[in-house]
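# Structural overview for review
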Amino acid sequence: MKPLLICDCDEVLVHMVRHFRDWLDEAHDMEFALDRHDFFGSLSRRGGGPAPTHDEAWELLHGFFPGQMERQTLVPHAAEALAALAKQADIVILTNLVEECRQPRIEQLARFGITHRVQCNSGPKGVPVARLVAEHGHPVTVFVDDLAQHHASVAEHAPQVHRLHMVSEPEMAPHVPPAPAAHARIDDWRRAETWIAARFAEGRAAPG
């Protein structure tokens, strides 16, 4: 039995916000600031119009997924790191998308040579991570995500999981503080691969 890597997708494996920004500019005459890491607070209309409501913002996001997913590009070194880690671990991509986007996400990742199990989720990731850990059965799991709230959720529901905070968008990363509930913050896949492999080699669960 191999250890388990549970990995987020957007802003971890593939770039999203830079392409979402371009699409909002082209299709909706809106701006999306990358220096906030706050989805709802980052949206604004050109010309001083009222900011989109939460419902309007969700509609915009649903307009990007899956229709604009072909815009997304691979994070440097992500595919190579996963290929190397797959030699010693099982990998699940846990992505916060509606289930209708699961097949488009599988196909998108496959175009980049990433062919691991994809599981969609809505809301905090702690419970689904705990379920995956229980299903898998190996004592060592590493979780990678760009959002601090997911690390806090995993810390609550699966505290034995090693948690790595990664923000792969270079325009955004300097403005995002390290997630308090993560064990480490690494924004580059070459160094992240080394850190993850070390957790697998140690063979121990994270301290609770």
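Throughout, residues of each chain are indexed from 1 in the direction in which the sequence is written. For a predicted model such as this one, the threshold for reporting local features is a pLDDT of at least 70, and the threshold for listing and counting side-chain atom pairs is 80 or more; totals across whole chains, interfaces and linings nevertheless cover every residue. Excluding hydrogens and water, the side-chain values take into account all heavy atoms of the structure.

Glancing now at the overall build of the protein. Starting at the N terminus, helices and strands are each numbered in turn, a helix being any DSSP run of H or I of at least four residues and a strand any DSSP run of E of at least two. What the protein contains, in helices and strands, is 8 helices and 10 strands. A radius of gyration in this sense is built from C-alpha atoms; the matching globule rule multiplies 2.2 Å by the number of residues raised to 0.38. Taken over C-alpha atoms, the radius of gyration comes to 17 Å for the protein, in line with the 17 Å a tight globule of 208 residues would show. Its C-alpha atoms give the protein principal-axis dimensions of roughly 55 × 35 × 30 Å. Buried residues in the protein amount to 48% of all 208 residues. Throughout, a residue-residue contact means that at least one pair of heavy atoms, one from each residue, lies within 4.5 Å. The contacts of the protein with a sequence gap of at least 6 include a subset with a gap of at least 24, amounting to 65%. Exposure was quantified through the Shrake-Rupley algorithm and a 1.4 Å probe, taking into account, for residues, occlusion by the shown protein chains and nothing else. Carbon together with sulfur atoms contributes 52% to the accessible area of the protein, which is approximately 9600 Å² in total. None of His or the chain ends enter the tally, which takes Lys and Arg as positive and Asp and Glu as negative. Working definition for charges: the position is that of NZ of Lys, CZ of Arg, CG of Asp or CD of Glu. Of the charged side chains in the protein, 20 are positive and 29 negative, and the gap between their average positions amounts to 6 Å. Exposure is judged per residue with a 1.4 Å probe applied to protein chains only, and the accessible area is read against the type maximum: over 50% gives exposed, under 20% gives buried, and values in between give partly exposed.

Salt bridge, as applied in this entry: a Lys or Arg side-chain nitrogen positioned within 4 Å of an Asp or Glu carboxyl oxygen. On inspection of all chains with the given rule, the structure shows 14 salt bridges. Glu 135 is the partner of Arg 117 in a salt bridge, and the nearest nitrogen-oxygen pair spans 2.7 Å. Taken together, the positions of Arg 117 in strand β7 (residues 117-120) and Glu 135 in helix α6 (residues 126-136) put the pair 18 residues apart, joining distant regions of the chain. Each of Asp 25, Asp 29, Glu 31 and Arg 46 takes part in one network of salt bridges that share partners.

Two strands are counted as paired when DSSP detects at least two bridges linking them. As summarised here, the arrangement of the 6 strands in space is β7-β6-β1-β8-β9-β10, forming an open sheet in which the pairing is parallel. Strand pairing shows two members of the sheet lacking a second neighbour, β7 and β10 (184-185), which therefore form its edges. Sheet topology places strand β1 (residues 4-7) next to strand β6 (residues 90-95); 4 bridges connect them, and they run parallel. In the strand pairing of β6, Cys 7 is matched with Ile 93.

The geometry of two aromatic rings is summed up by the distance between their centres and the angle between their planes. Working definition: a ring pair exists when centres of Phe, Tyr or Trp rings (six-membered ring for Trp) sit within 6.5 Å. Plane angles under 30 degrees give stacked, over 60 give edge-to-face, the rest tilted. For the structure shown, the criterion picks out 5 aromatic pairs. The interplanar angle of 90 degrees and the centroid separation of 5.5 Å between the aromatic rings of Phe 20 and Phe 64 together place this pair among those described as edge-to-face. Remark: Phe 64 occurs in helix α3 (residues 54-64) and Phe 20 occurs in helix α1 (residues 17-28); sequence separation between them is 44 residues. Ring centres of Trp 23 and Phe 64 lie 5.9 Å apart, and the angle between their planes is 65 degrees; this geometry places the pair in the edge-to-face category. Linking Trp 23 in helix α1 with Phe 64 in helix α3, this pair joins segments that are 41 residues apart in sequence. Classification of Trp 23 by relative accessible area gives buried; the value is 9%. Residue Phe 64 is classed as buried on the basis of its relative accessible area of 0%. An aromatic cluster is defined as three or more aromatic residues linked by ring pairs; in this entry it consists of Phe 20, Trp 23, Phe 32, Phe 64 and Phe 65.

We now examine helix α7 (residues 148-157). Turning to α7, its buried residues are His 150, His 151, Ser 153 and Val 154. On an axial view of α7, the arc spanned by its buried residues comes to 160 degrees, and they lie on one face. Where α7 is buried, its residues meet α6, β8 (141-145) and β9 (162-165). Picture the helix axis, draw a direction to every C-beta atom, and the arc is the one those directions span.

Here we come to α6. For α6, the set of buried residues is Gly 126, Pro 128, Val 129, Leu 132, Val 133 and His 136. Buried residues of α6, viewed axially, fall in a sector of 165 degrees; they line one side. What points out from α6, more than 90 degrees from its buried face, is the exposed set Arg 131, Ala 134 and Glu 135. Considering only its buried residues, α6 is in contact with β1, β6, β7, β8 and α7. Just downstream of α6 lies Gly 137, where phi reads positive at about 90 degrees.

This part is about the state of the cysteines. Pairs of cysteine sulfur atoms within 2.5 Å are identified as disulfides in what follows. Applying the stated criterion to the full structure yields 0 disulfides. Counting only cysteine sulfurs, Cys 7 is the nearest neighbor of Cys 9, a cysteine outside any disulfide, at a range of 7.6 Å. With no disulfide of its own, Cys 101 lies closest to Cys 120 among cysteine sulfurs, the gap being 6.9 Å.

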